[in-house]
Structure formats: structure tokens, C-alpha cells
Amino acid sequence: MKHAARKATQSGRGFRVADVFAPSHRGSHAAHSVRAVREDGGEQTLGLDPVLAAKLEEVAPLTRRAIRESARAARRKSRFMASGSMVALAGAAAAAISFSNMNASTSLASSTAATGTVQTAKSASGSSVSRSQERTSLGAADGTTSSGNWSLGSSNSDLDVSQMSQTAVSNPVVAVLYEADKSLLPSGFDPNHDAGDSGNQYSFSQCTWWAYVRRHQLGLPVGSHLGDGAQWAASAKKLGYWVDTTPRHVGDVIVFQRGQFGSSTVYGHVAIVEQINADGSIVTSECGASLNGKTVSRTFTADQASQLQFIHY
């Protein structure tokens, strides 16, 4: 039994370089003879190069205990590496979450800046107000209210309100007369009515020929097919001209009925107002077939003028 125990004890010993190079138990090559005691208490193999001895120790077969220790060390190293990997992953995840939160904060800040006035108003009010609730008047600090008025300044008295509703008239000469006659114009009068003008269609030196020529010289509208002199008033009314029995402007067409004030008993006569005097009398320019294109002038009293018809524009 003692021999068996000793053999078991010896089989559990680790491999030692000294036992290889000094297997004999006798003489100078015995294992106990080639060992020496280190200064620190450890054993050192004698007679071998230290580097070679260390190399041989490295490649020597391990004991069962050494194998277990080596396995434990490998497991500890594996756990350490796994722990390091988890730490690295956790750090990366934390960085990603932090970056995401930063972007969200930036977006929120921008949104808040864009609606800062609304947010401030809500914060100041403290509560929402229904439209049905009564609101406090925005008066002065002492509770009084403002009831002022506005003014355009000293130019108010010079403002011509009638100019603010000025009608666009195509004929510039008529536009001036139209604005001056607004209070006198017949209801519904259109200053841009059809003039009926297609050129001078009247025979040379006739009274109608001269009336057409003179109206064009003054920039006033005139029709080309108004008929004989006695027919001009009625024809002009149909086209929309303003016609009455009062001389109003230089250039008005005077219409004489047949035989009136010496006119033709067949065709009647037309002339042009060249002057309106303070007493209501008028001065004319007129032409006739016998005058060969030359004009003559006559004066009619206010009473005589009131018996005639006048085409204005």
C-alpha cells in the first residue's frame, strides 16, 4: 500500500527538466545532484544554458492542475473580452441616443422660435378665453377710452371730391366739358357714345360740310350722315349726343329748322357757335353753296338763340 501511494504521488508531479537530464539517482548525474537552491528558495537546473532550460519548461507537458488553471484563465479572458464588447456597444448606443435627442431639441427650439408670439400670448393669458365671454376694453391705463378722429391735414378744404369719381372719357376735349357740365347733363348720358363719324360725306361748301370741318378743327365729335340741316338735331339724339335749346360752348352746332331765320325752306340750315356773350347772345360761323367754301358770321340775341337747337357733344 505504501508503494502504491508513493507511485501515485510521483505520477502527480510535474515534468521537470532536471529529471530529464539527470534521470539517475546515483552519482554526480543524479537529479538531486544537478539541482541547486536558488537564492530566493527556488530550484535551478545546473549545467544547462538558462535560455534553453526556460524553453524546455515552456514546451514540457502540463500537469492536470496546470491544465485546469489554464482553462480558468482562458474563460476569464473570454469573459473580459465579452464585457469589453458590451461596454463598447453600450457606449455607441448612448452616443446615438444623445445625438438623436440633440436634433429633437434643435427642431423644438426652431418651432418655438417660429411661434414665440403665440406661446408668449398663451403664457401671459394663463387661460383661454371663449368668444362668448366679455373682453376688457383696450383703453388707457386709467380706464379711459380713446375716441379720436382722423384728418388729411390743411389740404382738406382744397380737396375736390368730384375728381375722385372722374369718368374715363375717350375724347380729351369732351372729357373737360363733361366734368364742367356734370350737374347739367341729362340722366344716363354716355360721353363715349358712337359719334357716327366716317369722314366728311357732305358736299363742298354746304352748311353741313362746314359744320363737319369746324367741329374737327375744335376736336369735337360729329356725325357723317346726319342728313339735311333741319334733320341734324334729331339724328344726333339717336346717336347719343346731348341736344337742347341752350348755347353752352364754343363749337356747339346750331340747328335751324326749315325757313327759320332765313334758312332754306327745303333743307333747313346748320352753323357753329363761335362766341357766347355775357348777355346770352351768340356769334356764329357758317357757310353756304353760294359762298364757295368761304364763311360768314351773324349775331343772334339771347331771345333768338332760345328758339334754336344746339348739339353739344
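Here the structure is a predicted model, which is why all the values come from computation and not from measurement. (Residues numbered from 1 in each chain as written. Predicted model: local features only at pLDDT ≥ 70, side-chain atom pairs only at ≥ 80, totals over all residues. Heavy atoms only, no water.)

J.: Teacher, can you tell me more about unusual backbone geometry here?
T.: Glycine aside, negative phi is the norm for most residues, and most peptide bonds take the trans geometry. Even without being glycine, Ser205 reaches a positive phi, approximately 70 degrees. Although it is not a glycine, Asn292 adopts a positive phi angle of roughly 55 degrees. As for its placement among the helices and strands, Asn292 is situated in the loop between strand E6 (282–287) and strand E7 (295–296). (Helix = DSSP H or I, 4+ residues; strand = E, 2+ residues; numbered from the N terminus.)

J.: Sorry, what's going on with the packing of aromatic side chains here?
T.: Centre-to-centre distance and the angle between the planes together describe a pair of aromatic rings. Tallied over the full model, the rule gives seven aromatic pairs. Ring geometry for Phe189 against Tyr313: centres 5.9 Å apart, planes inclined by 70 degrees, an arrangement best described as edge-to-face. You can see Phe189 sitting in the loop between helix H7 (172–180) and helix H8 (207–217) and its partner Tyr313 sitting in the segment after strand E9 (309–311), a full 124 residues away along the chain. The two residues Phe189 and Tyr313 agree in class, both being buried. Ring centres of Phe204 and Trp209 lie 4.8 Å apart, and the angle between their planes is 65 degrees; on these two criteria the pair is classed as edge-to-face. Look at Phe204 and you get exposed, because its relative accessible area is 51%. (Phe/Tyr/Trp six-rings, centres within 6.5 Å; stacked < 30°, edge-to-face > 60°. Buried < 20%, exposed > 50% of the residue type's maximum accessible area, 1.4 Å probe, protein only.)

J.: Sorry, what's going on with empty space enclosed by the protein here?
T.: All chains considered together, the criterion is met by one cavity of 30 Å³ or more. A volume near 40 Å³ is recorded for the largest cavity. Residue composition of the lining of the largest cavity, by class: eight nonpolar, one polar and one charged. (1 Å grid on protein atoms, 1.4 Å probe; cavity = no way out; pocket = protein on both sides within 12 Å on 5 of 7 lines; lining within 4 Å. Points joined across faces, edges and corners; volume = space filled by probe spheres on them. Nonpolar A, V, L, I, M, F, W, Y, C, P; charged D, E, K, R; others polar.)

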